[in-house]
Amino acid sequence: MGFTGKYKIFDKTALYAQVLLDRVSGSGFFSGGNNSNTNGVQIGIRGADLFKVNSFNYLFEFNTVKPYTYQSAQPITSYTNFNEPLGDPLGANFREFIGILNYTTGPFDFMGQINYAKYGADPAGMNFGKDVNQPYVPSTTPTSVGQGIATDLYYAEGTISVLINPKYNLRFEVGGVFRAEKQPQPMTKLYG
């Protein structure tokens, strides 16, 4: 079950949200509880002419999905296509913040994007709810977003492009990407 909504708060600004509810039961609806309750939430704002600058567009968004949300008891019926998650590239068991700025002037276009995500990775041979290709196994153990191996994902991208042929939207583009995943360092035992 899901809900999608968009509300225009100003002339060129809109709030939007999506809610996904799956395997709903009364206890632990949005937090805590057992992993029989799975859900996801997306909240964002997007608009144009930021700071009254023509063609300066923006998007700011928050996403969170509880562990096991897109999993199924039979992996073939999980929310995937060619073993790739359909709901979000991160799968499940995460919180994510996204910011995108875009400015166009004449044939030139400038875009910058920053993402930060905190998620719980699945250790080898274990299922903490991130990998949607794993089979869903009901449990009464309480779950929380980020369970598993705590991982921080940092992503930044910037591009500059020039429109060469508007009829075909032919562009010359140059850009750069920074991506880093950080997990706590494993404890090592020293022997003397």
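Just so we're clear, the structure is a prediction, and the values are computed from it rather than from any experiment.

(A) Fine view of the overall build of the protein chain. Within the protein chain one finds zero helices and ten strands. The N-to-C order of helical and strand elements in the protein chain reads β-β-β-β-β-β-β-β-β-β. Among the 192 residues that make up the protein chain, the fraction classed as buried is 34%. For the protein chain, the share of sequence-separated contacts (at least 6 apart) that also reach a separation of at least 24 residues comes to 60%. Approximately 12200 Å² of the protein chain is accessible, and the part contributed by carbon and sulfur atoms is 62%.

(B) Broad picture of the pattern of salt bridges. Counted by the stated rule, this structure contains three salt bridges. Asp152 serves as the salt-bridge partner of Lys118, at 3.1 Å between the closest nitrogen and oxygen. Here the residue Lys118 occupies a position in strand 8 (residues 108-121), and Asp152 occupies one in strand 9 (residues 149-165), the gap between them amounting to 34 residues. Assessed through its relative accessible area of 39%, Lys118 is described here as partly exposed. A relative accessible area of 16% places Asp152 in the buried class.

(C) Summary view of the pairing of strand 7 (residues 94-105). Sheet topology note: the strand 4 (residues 56-65)/strand 7 ladder contains ten bridges and is antiparallel. Looking at the pairing, Phe62 lines up with Phe97 of strand 7. Pairing geometry for strand 7 and strand 8, over twelve bridges, is antiparallel. Residue Tyr103 lies in a different strand from strand 8, and its bridge partner there is Phe110. Joining the antiparallel neighbours strand 7 and strand 8 is a turn of two residues, in which Gly106 adopts a positive phi near 60°.

(D) Examining the packing of aromatic side chains more closely. The tally for this structure, following the rule as stated, stands at six aromatic pairs. Here Tyr68 and Tyr136 contribute two aromatic rings whose centre-to-centre distance is 6.2 Å and whose plane-to-plane angle is 65°, an arrangement assigned as edge-to-face. Separated by 68 residues along the polypeptide, Tyr68 in the loop between strand 4 and strand 5 (80-81) and Tyr136 in the loop between strand 8 and strand 9 bring together distant segments of the chain. Judged by centre distance (5.3 Å) and plane angle (45°), the ring pair of Tyr116 and Tyr154 falls under tilted. Remark: Tyr154 occurs in strand 9 and Tyr116 occurs in strand 8; sequence separation between them is 38 residues. A connected cluster of aromatic rings, assembled from ring pairs, spans Phe56, Tyr103 and Phe110.

(E) Spotlight on unusual backbone geometry. In this model, Ser55 sits at a positive phi of 65°, which is unusual for a non-glycine residue. Topologically, Ser55 is positioned in the loop between strand 3 (38-47) and strand 4. Positioned with a positive phi, Asn169 is a non-glycine residue whose angle comes to about 55°. Counting through the fold element by element, Asn169 comes out in the loop between strand 9 and strand 10 (170-182). Residue class for Asn169 comes out partly exposed when judged on its relative accessible area of 47%.

Each value, and the rule that gives it
- Residues numbered from 1 in each chain as written.
- Predicted model: local features only at pLDDT ≥ 70, side-chain atom pairs only at ≥ 80, totals over all residues.
- Heavy atoms only, no water.
- Helix = DSSP H or I, 4+ residues; strand = E, 2+ residues; numbered from the N terminus.
- Buried < 20%, exposed > 50% of the residue type's maximum accessible area, 1.4 Å probe, protein only.
- Contact = heavy atoms within 4.5 Å.
- Areas by Shrake-Rupley, 256 points an atom, 1.4 Å probe, with all protein chains shown as cover.
- Salt bridge = Lys/Arg side-chain N within 4 Å of Asp/Glu carboxyl O.
- Pairing = 2+ DSSP bridges.
- Phe/Tyr/Trp six-rings, centres within 6.5 Å; stacked < 30°, edge-to-face > 60°.

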